[in-house]
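Analysis of the macromolecular model
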Amino acid sequence: MAMKNGNKNYQKELERILEGIVREGSKAEGITADDLTADGRQTAGRVPRLLLHSCCGPCSSYVLEYLSQYFYITVLYYNPNIYPEEEYHKRAKEQQRLIEQLPSKYPISFVEGVFEPQRFYEMARGMEDMSEGGERCFGCYELRLKEAAEYARQQGMDYFTTTLSISPLKNAAKLNEIGLALAEEYGVSYLVSDFKKRNGYKRSVELSAEYGMYRQDYCGCVFSRQQRERQKHPLPEAGTKTGPSPKGHEMGKGYTGN
């Protein structure tokens, strides 16, 4: 009987895929003419190529340590949701620094997408007041994963996936549901994951400390930042005078409200 997505063990599914890659790799020592295409490219034992969407360096740290044992990885930093722009560039630089310093069995390359925050605000229109973790976040998952799927197809990658599932606050079942649907649409396999498993999140914290990485205290978008500020500075009791609170269009570059 098929299980609902929320009950699937995506880590186990990932491990099965990786075991298959290892088995294929073991064939490399005995390659014959049958293992070559017409132009001489190796098919058996070939190291697969993975397009990894990354939200930030700290979240990618464990994922890169783990998956670079099995794949040639291209990290795609595409995050139009991040606010403000200075934060976006700060996270991009930390991502690049980590890739330069992190040891890996196979090479890891980096590509930065276009920073186009208006795409995020257009997607979020009408959902500005939703709490974190709901439909607005799911739309943000899809926005970034679509870009990853498109790039993976253009580059002839074998798989694409995202670092997002490493966060305890991210919905791994929804991420995998979106990724698998996009795999059908774009014709590139989605590497299912729940990277927080196997103490993945804990390991990412350790690696962040080891490499002295900047760890932000909010997800990235203006809405998550506002929510974080409210958590750090709760509203005063009724009757207390306060100054005006910032509105979304004042905080988000290019944001025009409803």
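Right above here is the structure, for reference.
These notes cover the structure that comes with them. Just so it is clear, the structure is predicted and the values come from calculations on it, not from any experiment. (Residues numbered from 1 in each chain as written. Predicted model: local features only at pLDDT ≥ 70, side-chain atom pairs only at ≥ 80, totals over all residues. Heavy atoms only, no water.)

1. Considering the overall build of the chain
For the chain, the helix and strand inventory stands at nine helices and five strands. The long-range fraction of contacts in the chain, counting pairs at least 24 apart against all pairs at least 6 apart in sequence, stands at 74%. Total accessible area on the chain stands at roughly 13700 Å², and carbon and sulfur atoms take up 49% of it. (Helix = DSSP H or I, 4+ residues; strand = E, 2+ residues; numbered from the N terminus. Contact = heavy atoms within 4.5 Å. Areas by Shrake-Rupley, 256 points an atom, 1.4 Å probe, with all protein chains shown as cover.)

2. Things to note about the pairing of strand β3 (residues 108-112)
With five bridges joining them, strand β2 (residues 72-77) and β3 adopt parallel strand pairing. Bridge pairing links leucine 76 to valine 111 in β3. Between the parallel elements β2 and β3, the chain passes through helix α3 (residues 85-101) in a crossover that is right-handed. (Pairing = 2+ DSSP bridges. Right-handed = clockwise from strand over helix to strand, strands pointing away.)

3. Quick notes on unusual backbone geometry
Working note: non-glycine residues mostly have negative phi, and peptide bonds are mostly trans. The step from tyrosine 83 to proline 84 runs through a cis peptide bond, and the omega angle for that step is -10°. Not every positive phi belongs to a glycine, and arginine 198 is a case in point at roughly 60°. Residue placement: arginine 198 occurs in the loop between β5 (189-190) and α7 (200-210). One non-glycine residue with positive phi stands out, namely asparagine 199, at about 60°. Note on placement: asparagine 199 falls in the loop between β5 and α7. A relative accessible area of 56% means that asparagine 199 is categorised as exposed. (Buried < 20%, exposed > 50% of the residue type's maximum accessible area, 1.4 Å probe, protein only.)

4. Some points on the packing of aromatic side chains
For the structure shown, the criterion picks out 10 aromatic pairs. Here tyrosine 62 and tyrosine 66 contribute two aromatic rings whose centre-to-centre distance is 5.5 Å and whose plane-to-plane angle is 25°, an arrangement assigned as stacked. On the criterion of helical spacing, the pair formed by tyrosine 62 and tyrosine 66 is a turn pair, its members being four residues apart in helix α2 (residues 57-67). Each member of the pair tyrosine 62 and tyrosine 66 is classed as buried. Seen from their ring centres, tyrosine 77 and tyrosine 88 are 5.1 Å apart, and the 50° between their planes marks the pair as tilted. You can see tyrosine 77 sitting in strand β2 and its partner tyrosine 88 sitting in helix α3, a full 11 residues away along the chain. For tyrosine 77, a relative accessible area of 0% corresponds to the buried category. Taken together, Tyr62, Tyr66 and Tyr70 form an aromatic cluster joined through their ring pairs. Lying across the ring of tyrosine 214, lysine 90 places its NZ or CZ 4.0 Å from the centre. (Phe/Tyr/Trp six-rings, centres within 6.5 Å; stacked < 30°, edge-to-face > 60°. Lys NZ or Arg CZ within 6 Å of the ring centre and 35° of its normal.)

5. So, the nonpolar core
Nonpolar side chains in soluble globular proteins tend to be buried together. The biggest cluster of nonpolar side chains holds 52 residues, and the ones touching the most others in it are Leu64, Leu67, Phe71, Ile73 and Phe160. Take this core: its biggest share by element is seven residues, from helix α5 (residues 135-154). With residues near it in sequence (within four places) discarded, leucine 67 still touches Leu18, Leu50, Ile73, Leu191 and Phe195. Membership of the second largest hydrophobic core comes to nine residues, among which are Tyr83, Ala124, Val222 and Phe223. (Core = buried A, V, L, I, M, F, W, Y, C linked by side-chain atoms within 4.5 Å.)

6. Points about the sheet that holds β5
One open sheet holds the five strands; their spatial order is β3-β2-β1-β4-β5, and the pairing between them is parallel. The sheet is open, and its two borders are formed by β3 and β5, each paired with just one other strand.

7. Regarding the side chain of asparagine 176
Along the chain, the position of asparagine 176 falls in helix α6 (residues 172-186). Under the relative-accessibility criterion, asparagine 176 is labelled buried at 1%.

8. Some words on the packing of helix α4 (residues 117-124) against α5
Where α4 contacts α5, the axes come no closer than 9 Å and their chain directions differ by 140°. Of the possible angle classes, the one that applies to α4 and α5 is oblique. Seen along the crossing, α4 lies across α5 with a hand that is right-handed. Contact residues: Arg119, Phe120, Met123 and Ala124 in α4; Arg136, Gly139, Cys140, Leu143 and Glu147 in α5. Here the contact of α4 with α5 is built from residues that sort into five nonpolar, one polar and three charged. (Axes fitted to C-alpha atoms, helices over the stretch in contact; angles between N-to-C directions. Parallel < 35°, antiparallel > 145°, perpendicular 65-115°, else oblique. Left-handed = near helix turned anticlockwise from the far one by under 90°. Nonpolar A, V, L, I, M, F, W, Y, C, P; charged D, E, K, R; others polar.)

9. Things to note about the pattern of salt bridges
Across all of its chains, the model carries 15 salt bridges by this definition. With a closest N to O distance of 3.4 Å, glutamate 206 and arginine 203 form a salt bridge. Here the residue glutamate 206 and the residue arginine 203 both occupy positions in helix α7, the gap between them amounting to three residues, near one helical turn. For glutamate 206, a relative accessible area of 36% puts it in the partly exposed group. Residue class for arginine 203 comes out partly exposed when judged on its relative accessible area of 25%. For lysine 232, the salt bridge identified is with aspartate 217, shortest N-O distance 3.2 Å. (Salt bridge = Lys/Arg side-chain N within 4 Å of Asp/Glu carboxyl O.)

These results come straight from atomic positions and should not be treated as a statement about function.
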